[in-house]
Amino acid sequence: MRSFRFVDYLPFLLFAALALFPLVESTFYTQLLTKILIMAIFAMSLDLLIGYTGLVSFGHAAYFGLAGYALALMGPKYEAVSLWWSLPAAMGICAAFALVTGILILRTRGIYFIMVTLAFAQMLYFVFHDTKLGGGSDGIYIYEKPLMKLGDAVLIDLENLNHFFWLVLVLILLVYLFLRRILQSPFGKALVGIKVNEHRMRALGFPVFRYQLASFTLSGALAGMAGYLAAVQYGFVNPEILSWHQSGAVMMMVILGGMGTLYGPVIGAFAFVLLREFLSNDAWTGIFAKHWQLAMGVFIVLVALYLPRGLAGVLQRFGKKPLEEADDE
Amino acid sequence: MDLAFFLIQLLNGLQYGLLLFLVASGLTLIFGIMGIINLAHGSFYMIGAYLAWSLSSMTGSLTAAILIAIPLTVVLGMGLERLLIQHLYKRDHLYQVLLTYGLILVFEELRSVIWGDDVHGVAVPALLSHSIPLTENLSYPVYRLAISGVCLLLAAGLYFLIQKTRLGMMIRAGASNREMVQSLGIDIKLIYTLVFALGIALAAFAGMINAPLSSVFPNMGGGVLIICFVVVVIGGIGSVKGALIASLVIGLAETFGQVLVPELAGMVVYFLMAVVLVWRPEGLFGGRS
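Residues numbered from 1 in each chain as written. Chains lettered and ligands numbered in written order. Predicted model: local features only at pLDDT ≥ 70, side-chain atom pairs only at ≥ 80, totals over all residues.

Observations regarding helix H11 (residues 265-279) of chain B
Right, so step 1: Taking 1.5 Å of rise per residue, 15 residues should cover 21 Å, and H11(B) covers 22 Å from first to last C-alpha, within 8% of that figure.
Right, so step 2: Residues B:Gly266, B:Met267, B:Val268, B:Val269, B:Tyr270, B:Met273, B:Val276 and B:Leu277 constitute the buried set of H11(B).
Right, so step 3: Buried-residue contacts for H11(B) involve helix H5 (83-105) and helix H6 (110-130) of chain A together with helix H9 (220-235) and helix H10 (240-260) of chain B. (Helix = DSSP H or I, 4+ residues; strand = E, 2+ residues; numbered from the N terminus. Expected span 1.5 Å × (residues − 1). Buried ≥ 20, exposed ≤ 12 C-beta atoms within 10 Å, placed from the backbone. Contact = placed C-beta atoms within 7 Å.)

Here it is, written out as structure tokens:
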């Protein structure tokens, strides 16, 4: 048996603290925190690919945006859609799209893989940008936010900011526990094995392609969950939700936080969104706020050069000694 | 579709394809020889176009603007390689993507700070501003033919440089075995710097000569970059010949796509890419790895 490790319980303590947040803070910060948690789910889904399967996808916005469009197009226009089936349906559509594109994309490796994921995301961007399917470049509004009903009683109304926040909070906890379970299973161990040495895993008899495709599909479905929630929060979708800047931002969150750890992407989402809010707020940065992307760009370059293991790597470096000693006992 | 109209589309497609080749050849050389994925490549296309606009409005001549701008972009390319890119050679592609993505944001905002966010037109040089009449009401602009001609000359020059010169030999050797080349006493770091600067200058030059046709506008590099990725995937990484053929195919596909199926034009090139991926995942002229 392992001895008690505070770190193992930290996510649950944080979760409990966050659950109380809307009761003490203003709606502005509740909304900001909701946005961060949604991006954290998105970043965790990408980390499954980059950090655990060794597949560098630069087109993850495709699955994020597709779920948003799925929500906007699935429901009746002026009536609230049921959360019961619309969220699973949106994730299912993303999983199906990830499965089909994955079969093609996984024929490539390395630099090709990066470019092809980007190209497929861009293809989807043009599907929604150039055709009338999703309102073209203007996008579409989601007039009524989804409801979860049991009989006639409304359990969750996403129009209510606190309900929405708590739903996102529960979902992120479920995603975290689910991914942790998956990664501890033989399936997860095999994924990490493929990341480290694909040829050896193949030689050992693992069906590498099927493992990668499963990971790719699962990651697409989870990105879809985040995209669905983001569309609910903004109340509209337009092609920008699929843009490659979205893919760049989420990749930045994964690396900034620390890839190959589940809490890293969450830290990364907090750091990235808060930094963006800080830099683009003219109350803090004055005339530089208009050109916040300049500072963000320099920051990204510096992270790539000097912080390859992200903030989680920094934490581990500081936290390592005491934990190792505790393990030795 | 009558013959004259078809001819115009054909020439447009070839011209667009040849222009893509200038950007994509640099991209594929940098991939193939240095192993670097450079997302900021489209930014240099944009920088070239903005330099052409601002210098030609200062000097009053596009030709003069281009002659001043080329050395500037070469210096920019060499400086970037020394300062940033050289730290990425031994790193995972992930960090190359991240760093060059950061550079896109930096260049785009610097463009906004220096040149503003407006759309600008660039005048075609007077010497090339007339058109060749094809029928009573259809004609073809000489400037487009001139662009195609210049691009073909550059393609031939690139072929000569890589296949027939001593420098080209060193570049090819460096692509297949960096350590071996270094131990034979060749300064591989210098070669990398030159290749990077060459790729950057080609992309920027494409932006300069195309500025009168496309006009100059914010975020103009992004679209070109992604189309060039498709070109490189279809042609095969590191293959300049593949880049040339794929550029022409994409140029024609997109031009005719816009005429024949305007609603699906944006997707035609990606569909082509998907077909090539099914058929030959390593690209038409890529080596199997």
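Some remarks on the interface of chain B and chain A
Interface size is often expressed as the accessible area that is lost when the parts come together.
Right, so step 1: Contact residues are listed per partner, giving 35 residues for chain B and 37 residues for chain A.
Right, so step 2: Where the side of chain B that touches chain A is concerned, the elements lending two or more residues are helix H4 (93-115), H9 and H11 of chain B.
Right, so step 3: Considering only residue class, the side of chain B that touches chain A consists of 27 nonpolar, five polar and three charged. (Nonpolar A, V, L, I, M, F, W, Y, C, P; charged D, E, K, R; others polar.)

Some thoughts on the domain arrangement of chain B
Residue and element names in this part refer to chain B.
Right, so step 1: What the domain assignment reports for chain B is domain 1 (27-121 + 190-218) and domain 2 (219-289).
Right, so step 2: Using C-alpha coordinates to define each centre, domain 1 is positioned 21 Å away from domain 2.
Right, so step 3: Tallying the contact residues gives 16 residues for domain 1 and 14 residues for domain 2.
Right, so step 4: Those elements that provide at least two residues to the side of domain 1 that touches domain 2 are helix H1 (3-34) and helix H2 (41-59).
Right, so step 5: Looking at which element gives the most residues to the side of domain 1 that touches domain 2, the answer is H2, with six residues.
Right, so step 6: Split by residue class, the side of domain 1 that touches domain 2 holds nine nonpolar, six polar and one charged. (Domains from an automatic or database assignment.)

Side note on the packing of helix H8 (residues 186-196) of chain A against helix H10 (residues 208-234) of chain A
Packed helix pairs are characterised by how far apart their axes lie and by the angle those axes make with each other.
Residue and element names in this part refer to chain A.
Right, so step 1: Put simply, H8 and H10 touch, their axes get as near as 10 Å, and they point 110° apart. As the angle between them shows, H8 and H10 are arranged roughly perpendicular. With respect to the hand of their crossing, H8 and H10 are arranged in left-handed fashion. Where H8 abuts H10, its residues Ala190, Leu191 and Ile194 lie against Val208, Tyr211, Gln212 and Ser215.
Right, so step 2: Among the residues forming the contact of H8 with H10, the class breakdown is five nonpolar, two polar and no charged. (Axes fitted to C-alpha atoms, helices over the stretch in contact; angles between N-to-C directions. Parallel < 35°, antiparallel > 145°, perpendicular 65-115°, else oblique. Left-handed = near helix turned anticlockwise from the far one by under 90°.)

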